[in-house]
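In case you want the letters, here they are:
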Amino acid sequence: MKKVISILMAVVMVFAACMLFSSCTKTEDEEENSTNEAASQESTAMTAKEGVLVMATNAAFPPYEYKEGDSFAGIDVEIATKIAEKLGLTLEIQDVEFGSIIGGVQSGKFDMGVAGMTVNEERLQSVNFTDSYATGVQVVIVNEGSAIASLDDLKADGSMKYGVQQDTTGDIYSSYSVDEGGFGEENVIRYKTGADAVQALKSGKVDAVIIDNEPAKSFVAANEGLKILDTEYAVEDYAICIAKENTALLDAVNEALAELKADGTLQQIINKYIPASLEDSSAA
Ligand code: ARG
């Protein structure tokens with residue numbers, strides 16, 4: 001499995017660069033608009049709408065973001081609320097598909113993406129990321145009665161299907177060909193949310209779900225009969241993404257984050273949602 005991970009890491013750049021390129025192609029008009037917008041805003045305004053900080057997320061990713069009735073909750077929601085407060089802005093949350101966050105941030109539709117988003121090379125070609133505020137680990141969830149006991153039992157010979165949230169790093173890693181260390185795209189089933197992938201696992205449509213560790217723990221706690229394989233798959237840093245040209249907002253958010261780290265607020269928020277995480281989050 002070590003080999004698998006290192007190969008995965010080695011090819012992640014090329015593969016995701018292609019994915020981003022194909023999914024982020026804009027029409028010429030859109031291109032022109034966003035360039036004009038960026039030029040007219042230049043360093044004076046940090047956000048598209050005056051006084052408002054628009055955060056894009058995908059709120060089916062507990063404990064980072066989820067819906068509680070009509071409102072949003074989670075680590076990212078609370079961090080973003082504190083950042084907005086520090087910047088003197090009103091936070092507005094847009095719940096969108098995970099795969100449309102980066103494009104929307106690039107085009108100026110959203111000021112920032114806060115979605116347990118992993119920093120990687122290909123995303124860095126499209127947007128800037130703030131300093132990291134948390135660490136994630138890709139893990140594998142299976143049904144309790146499953147014959148899959150460790151990563152070595154995961155087969156890429158067509159006998160097993162893997163469920164992922166579309167456009168996440170779990171999707172990217174799993175979809176590599178077997179030679180590249182993945183399970184082969186033909187064996188991966190993509191769902192709109194991690195929660196949908198977990199439902200597919202429960203109903204036997206997939207044999208395993210590849211997803212970030214804390215959401216995995218939340219899903220396992222909320223659903224009977226699931227377990228997480230006891231192995232680390234790939235370790236990642238989470239950060240907030242911001243449009244490349246909006247360095248004013250990047251600097252302001254980084255400053256706010258640094259203050260939240262220094263005065264213990266960030267750790268308090270993380271501990272509230274991940275009580276036993278004192279040592280996990282030390283890298284944040
Ligand atoms: N960390 C993974 C990634 O960046 C998954 C994030 C999914 N986040 C969400 N809010 N659904 O690809």
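As shown above, the structure is provided for reference.
Residues numbered from 1 in each chain as written. Predicted model: local features only at pLDDT ≥ 70, side-chain atom pairs only at ≥ 80, totals over all residues. Heavy atoms only, no water.

*Asks:* Looking at this structure, how should I read the sheet that holds strand 1 (residues 52-57)?
*Replies:* Strand pairing in a sheet relies on backbone hydrogen bonds, with the paired strands running either antiparallel or parallel. The strand order across the open sheet formed by 5 strands is 5-1-6-14-7, and the pairing between neighbours is mixed. Single-partner strands in this sheet number two, and they are strand 5 (90-95) and strand 7 (127-129). Examined bridge by bridge, strand 6 (residues 112-113) and strand 14 (residues 241-243) share 2 bridges and lie antiparallel to one another. Across the sheet, the residue bridging to Met112 is Ile242, located in strand 14. (Pairing = 2+ DSSP bridges. Helix = DSSP H or I, 4+ residues; strand = E, 2+ residues; numbered from the N terminus.)

*Asks:* Would you take a moment to explain the site of the ligand for this structure?
*Replies:* Near the ligand, the surroundings consist of 15 residues, among which Ala115, Thr118, Arg123, Thr169 and Asp212 are the closest. In this structure, a nitrogen atom belonging to the ligand sits 2.7 Å away from a side-chain N or O atom of Thr118. In this structure, a nitrogen atom belonging to the ligand sits 3.0 Å away from a side-chain N or O atom of Gln165. Its residues assigned to classes, the shell around the ligand comprises 5 nonpolar, 6 polar and 4 charged. (Near = heavy atom within 4 Å. Polar contact = N/O pair within 3.5 Å; in protein donor to acceptor, adjacent residues only side chain to side chain. Nonpolar A, V, L, I, M, F, W, Y, C, P; charged D, E, K, R; others polar.)

*Asks:* Quick question: what am I supposed to make of the sheet that holds strand 2 (residues 60-61) here?
*Replies:* Here 3 strands make up an open sheet; going across it, the order is 2-3-4 and the pairing antiparallel. In this open sheet, the two strands that pair with only one neighbour each are strand 2 and strand 4 (71-73). As paired elements, strand 3 (residues 65-68) and strand 4 share 3 bridges and run antiparallel to each other. Bridging from a neighbouring strand, Tyr66 pairs with Ala73 of strand 4.

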